[in-house]
Structure formats: structure tokens, C-alpha cells
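# Structural description and commentary
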Amino acid sequence: GASSEELKAAYRRLCMLYHPDKHRDPELKSQAERLFNLVHQAYEVLSDPQTRAIYDIYGKRGLEMEGWEVVERRRTPAEIREEFERLQREREERRLQQRTNPKGTISVGVDATDLFDRYDEEYEDVSGSSFPQIEINKMHISQSIEAPLTATDTAILSGSLSTQNGNGGGSINFALRRVTSAKGWGELEFGAGDLQGPLFGLKLFRNLTPRCFVTTNCALQFSSRGIRPGLTTVLARNLDKNTVGYLQWRWGIQSAMNTSIVRDTKTSHFTVALQLGIPHSFALISYQHKFQDDDQTRVKGSLKAGFFGTVVEYGAERKISRHSVLGAAVSIGVPQGVSLKVKLNRASQTYFFPIHLTDQLLPSAVFYATVGPLVVYFAMHRLIIKPYLRAQKEKELEKQRESAATDVLQKKQEAESAVSARRRPSSTRSLSLGLIIVNAWYGKFVNDKSRKSEKVKVIDVTVPLQCLVKDSKLILTEASKAGLPGFYDPCVGEEKNLKVLYQFRGVLHQVMVLDSEALRIPKQSHRIDTDG
């Protein structure tokens, strides 16, 4: 219940009492320093109305909650309580997500060869034989979760189910990982399945140098044919800031040696690889370009050639929402044929749909596999995704407006009162040669022709801004202008700017800044060139 004046008086008194420079004894000086810091922290909390309200309701644990910095200020105790509970729920959800780290993949293979490459035989007596038959010929589902046991031990449980052309099976694996030091960790794995017998594996990771590491994975697979051992070793080295080189040796059922170089930068991802092995040897080169846009668009292409044939693949992916990325790729190979691969990443879940179009290289299949997904994507983006995201944004803005309606109305009344009380005669301005705010507007401006349908929402803040001028200078810090005396938020939740037309020493100047951007006037760069 203390007032701000009582807080300031108590703060000054305790600062003078516990200031470290007033104590010469080392022990007393140490205690005074600790108490001085506590007094300073307490004053920082209690002098801010928002943090004081949080502390009054929830104490210190409320202040330790992450997320208060993005919560709108000037909330009532009831609103603060609601925000605290929401932040607590979000923190628990994040903690559970981080602890379990769930990952999942669902793959559905589609056989659509009947669209482009039908059999010569026609079955006249079968109803519906004139229509192309599209079938799901394979499916795969896998899921894994992690459970931290201690600071160094983690248990991992994973499982998978697969089926192809009516035949299928599944497996379950359990792994225990232990971090042995800052340089390495080890993992024991146990697995079993209906198609294969028990599996025992050991995986080791070790940093050899700050730029080099090695991974070794050995396994024993028990089956009806006996024990089949396997060993895989990978040696990697950072060649430079963005480039990593890999050497891999695999011994067992499919023995091979592989070397690859991966370069990953802000705008591109490049891979070149060469493998010699049984039964497959191949060379691979792939490139991916990353566009620096809001949708994180990426286009990619690759060429893979070996004893199995040659495959060319090209595609693109794009972010369609906050947690979703949609991608598609066309695969053209000999003798594999033409396939379309559609992939959707939703948080830690992956949905994969490989669609086999034809076993032959048909131009029509390549054309439809390339153009079809583009037409479908742009149609969906325009008719479904964009309206949905716009509706979601409007709903969030409406919630913000409703929650801030009372506060905005109060601020508006205060601003109007401030303007009425502080309005100065125009004759005083014309006589002054100092800094004069001729016109100032705050709110949402629409200058882009593509946004001409949007409504301009601005308020006149000429008088409040003039009242902030001191010694012919105006300095605004990096914070929202809505909290300034005589200001209020005319468009809650939307992007705002401050536009100022001012006169300094008889010369007109003009500037426009973002809502949270710092402003310092007068400035030579704001001067309006009247020569033209």
C-alpha cells in the first residue's frame, strides 16, 4: 500500500545506510554490498506498476515467469492473474515438449501409374474398368519419444509399422543414452520385430578436436539365418565455418565406403557425395537455394547416378503457417520412372506422400507432376490458406482490442484532456525560431498501393509532442509511443508509425519512424529540400 513517494524516500534512506563505500571493514562492506543490491532489486520491482502488481499477487515466482516482456502493460490484477496462468500453461507445454521431444513420420505410398501408363489388356466385363485405378501400395508409421532420467541419462522409446502390397511388419526399440563428458556420449539399443529377431546395438560419439568428431555404431542382428553383425563409422571435420567433410565406412550386409562434403550457408545448401559399395555405388550432387523472405522459400535440385541408374530430382518447399512447411519434388529416373513426392512438416511430425506416376519417361507425366502441384498450391493458398491466416489474425486483433478497449478509452480521454489543457496559441509558434511541431500524426499509415483497401487509422498528436520539446530538442527512446503523455493506441495490435512535420530556425523538416524506433530531432537529414 505504499505510495511512490514513500517508496522513493525509503529507497534513498536504505541506499545511504547500506552503501558499500560507507564501510571500511571488509566483512561489513561485503554484507552492505549484498543488502544494497537487494534494496536496488526491490525498488526496481516496486517502482514499476506492472511488476509490482505481479509481485503483490504471485511473489517472486511470478517475476521469474518468462513471457512478461511481451504482455501489454497497464493490466489490472485480474488480467495479470489470467496472463500468469496462461504463461504458466505455455511454459509447462514447452517443458513437456522439450523433455519428451516427440518425433513422428507417416508415409503413404500411392501407385498412380494407371493415369499415364495403363496395361494393354482391357477388362470389358469389369465394372468401372474405364476409370484409372489409384491405389495405396505401401505405408510406414514411426514414432519416438525421449524421457530424461537424470542430468546425463536419457531413455528413448521408438517404434515403427510398415506394410507394402499386403505384407507388413513392425518393430520396437529401446535405447539408453548417457553423456559421459562434454566431449562425448554413448548409447545402448535393444530392439525386436516380427520380421527380424532381436537387435543389440552400441553407438558412441566423441569430439576428437574442436573441429573434428567421430561416430561409431555397431549392431548384432539375430535372425533365422544366424547372427548378422554390422559396423558403421563416420569421421567428420569442419573444413571452414560453413563446410563439413564426412568419411563413412560401413561393414556388414551392405558394405560401402562413402565420402561427402556439405556446405550450408544463409542462402544456400550444397552437397557432393561419392559412394563405393555393394550392391550400390553412386555419385551425388545437390544444391538448394534459400530465399530470404518471410515464407522461407527454398528451391532445390539434385543429380544421382550409379549402378542402379540415374535420377534427377527438383522441387521446392515453403512455410505455410507458423509451424508448418509444405514441400514437393519431382523425381525422374532410369529405370525408376517418374514420381511426385509431397511432404508436410508440422512441428516435429512429418507427413510424406510419394506418388509413383509411371515406370517410363513420359513428357506428359513430367509436365503434370511439375505444373499440377504449383496450380494446386497457389489455388489453396489464395482460396484457403490466405483467408484462414487473415481470419486468425483478425480474431487475435479482435481479442486484443476487446481486452484493451477500456484502457484505450481511458487513455483517449486523458489525451484529449491533455491537449485541451496544453494547447498553445498559434501566434506564439510563428514568433519562435526554435523547434516547432507543425503537425504530428500517430497510428497506421497506408502508403503501399497494394494495401489501398486498408483503412488509415491515425490521431493528431501535434500538441502532446510539442509539450515534450525541451530546449528546442525532442528525444524519444526505443519504446512504444502509445505510452507517451497525450498519446493512445488508435489501432491495437497493428503496425504503427509516428510522422512529424516540424520547423527549426524557420526551415521545414519531416520524418517518419516506427512505433518502437528511437527519435531525435532536429536533424539535418530531416530537412525538406525546397529548391525543386
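Residues numbered from 1 in each chain as written. Predicted model: local features only at pLDDT ≥ 70, side-chain atom pairs only at ≥ 80, totals over all residues. Heavy atoms only, no water.

### So, the overall build of the protein chain
When its secondary structure is counted, the protein chain shows eight helices and 23 strands. Pairs at least 24 residues apart make up 37% of the contacts formed inside the protein chain by residues separated by at least 6 positions. Counting only carbon and sulfur atoms, one obtains 56% of the accessible surface of the protein chain, whose full area is about 34800 Å². (Helix = DSSP H or I, 4+ residues; strand = E, 2+ residues; numbered from the N terminus. Contact = heavy atoms within 4.5 Å. Areas by Shrake-Rupley, 256 points an atom, 1.4 Å probe, with all protein chains shown as cover.)

### Description of the pairing of strand E4 (residues 167-181)
The sheet contact formed by strand E3 (residues 153-164) and E4 spans 12 bridges and is antiparallel. Across the sheet, residue Thr154 finds its bridge partner in E4, namely Arg177. Sheet analysis places E4 next to strand E5 (residues 184-193), joined by 10 bridges and oriented antiparallel. Bridge pairing in E5 links Phe174 to Phe190. Following E4, the chain reverses through two residues before pairing antiparallel with E5. (Pairing = 2+ DSSP bridges.)

### Thoughts on the nonpolar core
Within the largest apolar cluster, 22 residues are counted, with the highest numbers of intra-cluster contacts made by Ile437, Leu465, Leu498, Val500, Tyr502, Leu519 and Ile521. Residue assignment for this core shows that the elements contributing at least two residues are strand E18 (435-444), strand E20 (474-476), strand E21 (497-504), strand E22 (507-514) and strand E23 (519-521). In terms of nonpolar packing, the next biggest core, distinct from the first, is built from eight residues, Ala112, Val338, Leu357 and Ala369 among them. (Core = buried A, V, L, I, M, F, W, Y, C linked by side-chain atoms within 4.5 Å. Buried < 20%, exposed > 50% of the residue type's maximum accessible area, 1.4 Å probe, protein only.)

### Observations regarding the pattern of salt bridges
Pairs can form between side chains of opposite charge once their charged atoms are near each other. In total, this model carries six salt bridges according to the counting rule given. One salt bridge connects Glu187 with Arg177, and the closest N-O pair in it is separated by 2.9 Å. Residue Glu187 is found in strand E5, and its partner Arg177 is found in strand E4; the two are separated by 10 residues along the sequence. Its relative accessible area of 9% is what places Glu187 among the buried residues. Judged by relative accessible area, Arg177 falls into the partly exposed class, the value being 26%. The closest approach of N and O atoms between Lys290 and Asp264, which form a salt bridge, is 2.6 Å. Pair noted here: Lys290 is in strand E12 (residues 282-290) and Asp264 is in strand E10 (residues 256-264), with a separation of 26 residues, a long-range link. (Salt bridge = Lys/Arg side-chain N within 4 Å of Asp/Glu carboxyl O.)

### Topic: the layout of surface pockets
Of the pockets and cavities examined, the second largest pocket occupies roughly 490 Å³. As for the second largest pocket, its lining consists of 24 residues, of which Glu313, Ser331, Gln336, Ser339 and Lys341 are closest to the centre. Where the lining of the second largest pocket is concerned, the elements lending two or more residues are strand E1 (103-111), strand E2 (135-148), strand E13 (298-306), strand E14 (309-319), strand E15 (324-334), strand E16 (337-346) and strand E17 (349-358). Of the residues belonging to the lining of the second largest pocket, the class tally is eight nonpolar, 11 polar and five charged. (1 Å grid on protein atoms, 1.4 Å probe; cavity = no way out; pocket = protein on both sides within 12 Å on 5 of 7 lines; lining within 4 Å. Points joined across faces, edges and corners; volume = space filled by probe spheres on them. Nonpolar A, V, L, I, M, F, W, Y, C, P; charged D, E, K, R; others polar.)

### Focus on the packing of aromatic side chains
In this description, a pair of aromatic rings is defined by centroid distance and the angle of the planes. Counted according to the given criterion, the structure contains nine aromatic pairs. Geometrically, the ring pair formed by Trp185 and Phe205 is stacked, given 5.7 Å between the ring centres and 15° between the ring planes. Pair noted here: Trp185 is in strand E5 and Phe205 is in strand E6 (residues 199-209), with a separation of 20 residues, a long-range link. Accessibility expressed as a relative area gives 24% for Trp185, which makes it partly exposed. Summarising the aromatic geometry, the rings of Tyr377 and Phe378 are spaced 5.3 Å apart at their centres and angled 70° between planes, so their arrangement reads as edge-to-face. Grouped by ring-pair contacts, the aromatic residues Phe116, Phe367 and Tyr368 constitute a single cluster. Over the face of the ring belonging to Trp185 we find Arg177, whose NZ or CZ atom lies 5.1 Å from the ring centre. A cation over a ring is seen here: Lys304 above Phe282, with NZ or CZ 4.4 Å from the ring centre. (Phe/Tyr/Trp six-rings, centres within 6.5 Å; stacked < 30°, edge-to-face > 60°. Lys NZ or Arg CZ within 6 Å of the ring centre and 35° of its normal.)

### Side note on the sheet that holds E18
On the basis of which strands lie adjacent, the open sheet formed by four strands has the order E19-E18-E21-E22 and antiparallel pairing. Where the open sheet ends on each side, the last strands, each with one partner, are strand E19 (457-460) and E22. In this sheet, adjacent strand axes meet at a mean angle of 20° when their direction is disregarded. By the bridge criterion, four bridges tie E18 to E19 in an arrangement that is antiparallel. Bridge pairing in E19 links Gly443 to Val458. (Axes fitted to C-alpha atoms, helices over the stretch in contact; angles between N-to-C directions.)

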